[in-house]
Amino acid sequence: DDPEIHNNLGVALLHKKRIREALFHFQKSLEMNPDYIEARNNLENALAEQKDMDRAVKRIQEKLKKTPENADLYYDLGNLNRAYGEVDKAIVQYQNALSVKPEFVPALKRLSIMYAMKGRYDKALSLLKKITEIDPENVDACYYTACMYARQNKVENSVDWLKKAVEKGYKDWESLKTDSNLENIRGSSYYKSLINVRGQ
């Protein structure tokens, strides 16, 4: 019940381009304190950004009518749906992109993230596996695979894929220390040694 917390959360969500969620929290903040100028300004900025995104969606849809085999346009539309928090619509658009261009790695990656958000780890893992088949040196795919296994509490599998990510050049030690996806493997000897040796 704190308008400042709702406002701050809205700012964080807006920064992540999660427009509709941001709007909800700015509006909630103003319901609690109608005179909260900062929240009102943030709400206006979010509404302006939403209008820009709505226009962007319409532009892409018009382009798709002319070039329905353009995988990049489906991908861009999926990204906009994702920004709106419309996970199911984003999934459809990433799938459309992949139906045109099956080895489109950015779409495979984003689609895997969408499935993970819905708890469909089997689907997410199958897509990440395909990325590593297309690009065996893809560090992100290895890291995300480790995260998917960790979420399922499959510690051994997760550690194996984290090792692969590190061997291929993963170096974001700060994320490694704070990523909640890896919570279930923090007690493993490999994770502890990795943080102690590499994460200093």
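Up top you'll find the structure we're talking about.
Residues numbered from 1 in each chain as written. Predicted model: local features only at pLDDT ≥ 70, side-chain atom pairs only at ≥ 80, totals over all residues. Heavy atoms only, no water.

All right, on to the packing of helix 6 (residues 105-117) against helix 7 (residues 121-134) then. Between helix 6 and helix 7, the shortest axis-to-axis distance is 7 Å and the interhelical angle comes to 160 degrees. By the angle between their axes, helix 6 is roughly antiparallel relative to helix 7. Handedness of the helix 6/helix 7 crossing: left-handed. Residues Val-105, Leu-108, Lys-109, Leu-111, Ser-112, Tyr-115 and Ala-116 of helix 6 pack against Tyr-121, Lys-123, Ala-124, Leu-127, Leu-128, Lys-130, Ile-131 and Ile-134 of helix 7. The residue makeup of the contact of helix 6 with helix 7, split by class, is 11 nonpolar, one polar and three charged. (Axes fitted to C-alpha atoms, helices over the stretch in contact; angles between N-to-C directions. Helix = DSSP H or I, 4+ residues; strand = E, 2+ residues; numbered from the N terminus. Parallel < 35°, antiparallel > 145°, perpendicular 65-115°, else oblique. Left-handed = near helix turned anticlockwise from the far one by under 90°. Contact = heavy atoms within 4.5 Å. Nonpolar A, V, L, I, M, F, W, Y, C, P; charged D, E, K, R; others polar.)

Tyr-143, Met-148, Leu-162, Leu-176 and Leu-182 are the most contacted members of the largest nonpolar core, which totals 66 residues. Ranked by residue count, the leading element in this core is helix 8 (residues 139-151), at nine residues. (Core = buried A, V, L, I, M, F, W, Y, C linked by side-chain atoms within 4.5 Å. Buried < 20%, exposed > 50% of the residue type's maximum accessible area, 1.4 Å probe, protein only.)

When their charged atoms lie close together, side chains carrying opposite charge are able to pair. Per the counting criterion, the structure on display carries 11 salt bridges. Among the ionic pairs, Glu-21 bridges to Arg-18, the shortest N-O distance being 2.8 Å. The partly exposed category is assigned to Arg-18, whose relative accessible area is 34%. The shortest N-O distance in the salt bridge between Asp-88 and Lys-118 comes to 2.9 Å. Of this pair, Asp-88 sits in helix 5 (residues 87-100) while Lys-118 sits in the loop between helix 6 and helix 7, and the two are 30 residues apart along the sequence. Overall, the relative accessible area of 48% leaves Asp-88 in the partly exposed class. The class of Lys-118 is partly exposed, set by a relative accessible area of 44%. (Salt bridge = Lys/Arg side-chain N within 4 Å of Asp/Glu carboxyl O.)

Taken together, the side chains of Asp-1, Asp-2, Glu-4 and Glu-38 define an acidic patch exposed on the protein surface. Positionally, Asp-1 belongs in the segment before helix 1 (3-15). We classify Asp-1 as exposed; its relative accessible area is 92%. (Patch = residues over 30% accessible without salt bridge, like charges linked within 9 Å, V, L, I, M, F, W, Y side chains within 5 Å. Areas by Shrake-Rupley, 256 points an atom, 1.4 Å probe, with all protein chains shown as cover. Lys, Arg positive; Asp, Glu negative; His and termini not counted. Charge placed at Lys NZ, Arg CZ, Asp CG, Glu CD.)

All told, the structure shown has five aromatic pairs when counted by the stated rule. Centroid distance Tyr-143 to Tyr-170: 4.5 Å. Interplanar angle 5 degrees. Geometry classified as stacked. On the criterion of sequence distance, the pair formed by Tyr-143 in helix 8 and Tyr-170 in the loop between helix 9 (155-167) and helix 10 (173-178) is long-range, its members being 27 residues apart. Here Tyr-143 matches Tyr-170 in class, with each residue buried. Relative to Trp-173, the ring of Tyr-170 lies with its centre 6.3 Å away and its plane at 85 degrees, an arrangement referred to as edge-to-face. Summarising the burial analysis for this pair, Tyr-170 and Trp-173 share the class buried. These aromatic residues form a ring-pair network of at least three members: Tyr-143, Tyr-144, Tyr-170 and Trp-173. Note that Lys-163 overlies the ring of Tyr-190, its terminal NZ or CZ placed 5.3 Å from the centroid. Over the face of the ring belonging to Trp-161 we find Lys-164, whose NZ or CZ atom lies 3.9 Å from the ring centre. (Phe/Tyr/Trp six-rings, centres within 6.5 Å; stacked < 30°, edge-to-face > 60°. Lys NZ or Arg CZ within 6 Å of the ring centre and 35° of its normal.)

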